[in-house]
Amino acid sequence: MSTAPVILRSLRRAGLALALGLAVAPGAALASEACTSDVVTFVVPYAPGGVVDLVGRVVADELRSSIGQNVVVENKAGAGSNIGTAAVARAAPDGRTLILASAAHTINPSLYTKQAFDPIKDFAPVGMVGSVPNLIVVNPEVPVNSMAELVAYAKANPGKLNFGSAGSGSSPHLAMEMLKSKAGIDMQHVPYQGQPQATQDLITNRIQAMALTMTLALPLVKDGKLKALAITSDKRSAALPDVPTVAETVAPGFNVVTYLAVLAPTGTPEKTVKCLNAALVAGLAKPSVIERLKPLSVVIAPSTPAELGAFMVKDRDQWAQVIKSAGITVQ
């Protein structure tokens, strides 16, 4: 799982330009020095099979090819990604340990009073991979067919609509909290232990609405099991071109996605970070990688390390305001 401000658009432009430059000779930037001289452990702080894990395996495969070293994916799930993240923060800063961070990385500091790491100070940004938008979806029995109708219905029935999430403080939960705030509506949050259970209850109308990761929502919408009202990113999706953005319907400026980014422990040598970034950006420009990420609804947006670092600070600060305003806590 995150708000993607204007900087994400600049990431896409800057990343594309860099990727095009490297595409002329993708091995040239890596030929003069190796990123690392040993096996790389690529930590995914979630269980196998989820979107972050699947994207992580694509990225690991490409890094393995680009840097000429074995890259091993290690799933370290638990505590909303904090367990795996803490392990990477403690790792030696030698380029041999990386993490695929998601929106939780910059959300969690505002949810957990005690963390074994600082999400900014303890990590060296390597580069953005991209983002996955959410779809605002409702059960087909809910008598609305647009965001405007959803807002009107919620205002006419305050507190009667229930929306689910993968848990308090998850990116989809915060997307709905931001929608409530911007649209001035009252809906009840029902937290679950994960998106699958919440999605099943949405299909059976035990809950009525949800911000669901597009990767999971798309097949259900196409099968008619859910109604898609809007997409949470700042642009429409080619997969559902007739579905508007939240921003163009009821909440101007609304832009909430789950970003995915590669980080290393702070102190990792700058030349190693630059080498890994060059490998990552070159890989994300390859047609084979683009095709593998497409079914996962990933909007590829490579970046420089500095751009990613600036984005993470801004993202952390934005979610801190949302979480404080909504009074969100984790158990």
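Residues numbered from 1 in each chain as written. Predicted model: local features only at pLDDT ≥ 70, side-chain atom pairs only at ≥ 80, totals over all residues. Heavy atoms only, no water.

Details of the packing of helix H3 (residues 51-67) against helix H10 (residues 270-284)
Viewed as axis vectors pointing N to C, H3 and H10 meet at an angle of 115°, and their least axial separation amounts to 9 Å. You can see that H3 and H10 cross each other, and the crossing is right-handed. Listed contacts from H10 to Val59, Glu62, Leu63, Ser66 and Ile67 of H3 are Leu276, Ala279, Leu280 and Gly283. A breakdown of the residues in the contact of H3 with H10 according to their chemical character gives six nonpolar, two polar and one charged. (Axes fitted to C-alpha atoms, helices over the stretch in contact; angles between N-to-C directions. Helix = DSSP H or I, 4+ residues; strand = E, 2+ residues; numbered from the N terminus. Left-handed = near helix turned anticlockwise from the far one by under 90°. Contact = heavy atoms within 4.5 Å. Nonpolar A, V, L, I, M, F, W, Y, C, P; charged D, E, K, R; others polar.)

Structural notes on the pairing of strand S6 (residues 188-191)
Both strand S5 (residues 162-165) and S6 contribute to a ladder of four bridges, which runs parallel. Bridge assignment links Ser165 to a residue of S6, and that residue is Pro191. In the classification by handedness, the crossover that spans S5, the intervening helix H7 (residues 171-183) and the parallel S6 is right-handed. (Pairing = 2+ DSSP bridges. Right-handed = clockwise from strand over helix to strand, strands pointing away.)

Structural notes on the side chain of Thr272
Positionally, Thr272 belongs in helix H10. If sequence neighbours within four positions are ignored, Thr272 has contacts with Cys35 and Gly95.

A look at the confidence of the model for the protein
Looking at the protein as a whole, its pLDDT mean stands at 89, while 90% of the residues score no less than 70. Put simply, helix H2 (residues 28-31) is where the protein has its lowest mean pLDDT, 42, and strand S8 (residues 227-231) is where it has its highest, 98. Segment residues 1-32 is flagged for pLDDT under 50; beyond a separation of four residues in sequence, or across chains, it makes 79 contacts in the model. (pLDDT = per-residue confidence, 0-100.)

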